[in-house]
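Fold and geometry: a report
The residues making up each chain are set out below.
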Amino acid sequence: MGIRVGIDLGTTFSAVARINPNTGKPEIIKNSFGSAITPSVLCFESNGNILFGEDAKNMQAVGDTNAIAFFKRSMGKELFSVEFYGKSYTATELSAILLRKLKEEAEQQIGEKIDSAVITVPAYFTHKERSATIEAGKKAGLDVISIVNEPTAAAFAYGLNEKDTEQTVLIYDLGGGTFDVTLAYINKDEIRILGSDGDHELGGKDWDDCIARYLASEFEEKYGVDVSDDPEMVSALLVKAENAKKQLTLKDVVDIPIAYGTVRGNVEITEQIFEEISQFLIGTTKDVTERLMESVQIGWRQIDGVILVGGSTRMRMIRNYVKEMSGKEPLSGVNVDEAVAIGAAIRA
Ligand code: ADP
Ligand code: MG
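Summary of the structure given here. Not measured: the values here are computed from a predicted model.

With that settled, consider the side chain of K245. Secondary-structure assignment places K245 in helix α6 (residues 231–247). Owing to a relative accessible area of 9%, K245 belongs among the buried residues under this scheme. Only 3.4 Å separates the side chain of K245 from the backbone oxygen of G204, close enough to count as a polar contact. If sequence neighbours within four positions are ignored, K245 has contacts with G204, W207, D208, I211, F274 and M315.

A word on helix α9 (residues 339–347). Judged by how many residues are buried, α9 sits mostly within the fold: 7 of 9 residues are covered. Regarding α9, the residues found buried are A339, V340, A341, I342, G343, A344 and A345. For α9, the secondary structure elements touched by its buried residues are β1 (3–8), β2 (13–19), β3 (26–28), β10 (114–121), α4 (150–157) and β17 (305–309).

Although it is not a glycine, Y85 adopts a positive phi angle of roughly 50°. When you line up the elements, Y85 lands in the loop between β8 (82–84) and β9 (87–89). Owing to a relative accessible area of 49%, Y85 belongs among the partly exposed residues under this scheme. Phi at Q297 takes a positive value of approximately 60°, unusual for a residue other than glycine. By the element assignment, Q297 lies in the loop between α7 (271–295) and β17. Accessibility expressed as a relative area gives 65% for Q297, which makes it exposed.

Moving on to the site of ligand 1. Close contacts around ligand 1 come from 16 residues, with T12, F13, G176, E242 and K245 the closest. One of the backbone nitrogen or oxygen atoms of T12 is found 2.7 Å away from an oxygen atom of ligand 1. K245 is positioned with one of its side-chain polar atoms (N or O) 2.7 Å from an oxygen atom of ligand 1. For ligand 1, the protein covers 90% of the area, taking 580 Å² as the surface of the free molecule. Judged by the proximity of its atoms to the pocket grid, ligand 1 belongs to the largest pocket. Here the shell around ligand 1 gets 3 residues from one element, more than from any other, and that element is α6.

All right, on to the sheet that holds strand β5 (residues 42–44) then. Read across the open sheet, the 3 strands follow the order β6-β5-β7; overall the sheet is antiparallel. Each end of this open sheet is capped by a strand with a single partner; those strands are β6 (50–52) and β7 (67–68). This element, helix α1 (residues 53–61), spans β5, β6 and β7 of the sheet and lies at about 100° to β6. Along the sheet, helix α2 (residues 91–110) makes contact with β5, β6 and β7, crossing β6 at roughly 70°.

Attention now goes to the nonpolar core. If you look at the biggest cluster of nonpolar residues, it comprises 45 residues, and the most contacted ones within it are Y172, W207 and I318. At 8 residues, helix α5 (residues 204–223) tops the list of elements feeding residues into this core. If we ignore the near neighbours within four places in the chain, the residues touching Y172 are F179, D180, T285, T289, I307, L308, V309, T313, I318, V322 and M325. Counting 36 residues, the second-largest nonpolar core is a separate cluster that includes I29, F71, Y89 and A106.

A word on the sheet that holds strand β13 (residues 179–186). The mixed open sheet is built from 4 strands, whose spatial order is β14-β13-β12-β17. Unpaired on one side and paired on the other, β14 (191–199) and β17 mark the two borders of the sheet. Strand-to-strand, the axes of this sheet are offset by a mean angle of 20°, without reference to chain direction. Where strand β12 (residues 167–174) meets β17, 5 bridges bridge the pair, whose relative direction is parallel. Bridging across to β17, V169 finds its partner in G305.

Another point: α5. Here α5 contains 20 residues, and its C-alpha end-to-end distance of 28 Å stays within 8% of the 28 Å for a straight helix at 1.5 Å per residue. For α5, the secondary structure elements touched by its buried residues are β12, α6, β15 (253–260), β16 (263–270), α7 and α8 (316–326). With its phi angle positive at about 70°, G224 sits one or two positions after the end of α5.

Burial runs high along β2: 5 of the 7 residues are buried. One ladder, built from 3 bridges, connects β1 with β2; its direction is antiparallel. Bridged to D8 within β2 is A15. Here β1 folds back onto β2, and the loop between the two strands holds 4 residues.

Let us look at the pairing of β14. Pairing analysis gives 8 bridges linking β13 to β14, with the strands arranged antiparallel. Directly across from F179, in β14, lies its bridge partner D199. The hairpin turn running from β13 into β14, its antiparallel successor, is 4 residues long.

What follows is about empty space enclosed by the protein. The final tally for this structure, using the stated rule, is 3 cavities of 30 Å³ or more. When its volume is computed, the largest cavity comes out at roughly 80 Å³. S14, A15, V16, I29, K30, N31, S35, A36, T38, L102, E105 and A106 are the residues that line the largest cavity. Its residues assigned to classes, the lining of the largest cavity shows 6 nonpolar, 4 polar and 2 charged. Approximately 50 Å³ is the volume attributed to the second largest cavity. Together, L9, G10, T11, S40, F70, F71, K72, S95 and L98 line the second largest cavity. Tallied by class, the residues present in the lining of the second largest cavity amount to 4 nonpolar, 4 polar and 1 charged.

Calculation rules
Residues numbered from 1 in each chain as written. Chains lettered and ligands numbered in written order. Predicted model: local features only at pLDDT ≥ 70, side-chain atom pairs only at ≥ 80, totals over all residues. Heavy atoms only, no water. Helix = DSSP H or I, 4+ residues; strand = E, 2+ residues; numbered from the N terminus. Buried < 20%, exposed > 50% of the residue type's maximum accessible area, 1.4 Å probe, protein only. Polar contact = N/O pair within 3.5 Å; in protein donor to acceptor, adjacent residues only side chain to side chain. Contact = heavy atoms within 4.5 Å. Near = heavy atom within 4 Å. Areas by Shrake-Rupley, 256 points an atom, 1.4 Å probe, with all protein chains shown as cover. 1 Å grid on protein atoms, 1.4 Å probe; cavity = no way out; pocket = protein on both sides within 12 Å on 5 of 7 lines; lining within 4 Å. Sits in = over half its atoms within 2 Å of the grid points. Pairing = 2+ DSSP bridges. Axes fitted to C-alpha atoms, helices over the stretch in contact; angles between N-to-C directions. Core = buried A, V, L, I, M, F, W, Y, C linked by side-chain atoms within 4.5 Å. Expected span 1.5 Å × (residues − 1). Points joined across faces, edges and corners; volume = space filled by probe spheres on them. Nonpolar A, V, L, I, M, F, W, Y, C, P; charged D, E, K, R; others polar.

Here it is in structure tokens:
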């Protein structure tokens, strides 16, 4: 018999976690690159092989049209299908392929068979989208123990349900392509979702776009070459932009080498400029958060804690903004990009 895992099947990144049999504690099963999270990207090759994760994302970065990402957005939509080498795939089938790859890689990493999983979904997923997720799990050879809401899983990861108190928490999840905000009531018997809202067209990708646009315009100003019409160059700039964004969470300035044709140059970006060019994106998260609080009639003073979830909450401007908006230091102790998978493992 195999073991049980928790799987965060994300729009841009996925993660697998289990309970460590020796320590009894939940932990992420790292992928073969040593990363806790794996890009939710597939790339179909002419020989029938399918790349996933980092390998597929690298192909997408060089503009390979046989690479596909963001298919979680189309879960349960019958009309969505994509074709690669004469075979068409629904979002459920793409998710099944990704889940199977994640499962197999995790099995390799821990040297054990995995037979069942708790898979997480956004709180706003409809019955149809949830069913599609269960089907994807089954197709991947997994016994799907249950489907759990992502914010609920995050609350589990923080162990908030183990406390002998009642709490109302706000779960602020800014991922790669979506923003979700949830209010939950937690006591030792239950984690009850009071309401959730979001903007499913807002995520880390938008911050990458801001940096990529900045890099293109600075490069043009400095070297007199416009790269914005070259799709391959735009893909390459987006990869550089995402890397620069991640570095800016720790460094105040990043220098980015850019080569185009015979021109070899570099463009510098500082955290301050980054915050200025992307400031307009943050306000949306505040509007959505306040809309939710209004709809469930809860004010900041009634909120006991804020949980940050999603890789994009690593950005300094987001942390500062949430602190300012809520008047509270967010809860800490769990990695923002691991919390959902960890919570799912606890549930499993
Ligand atoms: P998903 O939306 O699939 O749930 P995640 O929660 O893993 O994905 O968030 C992915 C996003 O987080 C990506 O846009 C990625 O660039 C961003 N991200 C990851 N690490 C950092 C970091 N150190 N600084 C800023 N953004 C980050
Ligand atoms: Mg997520």
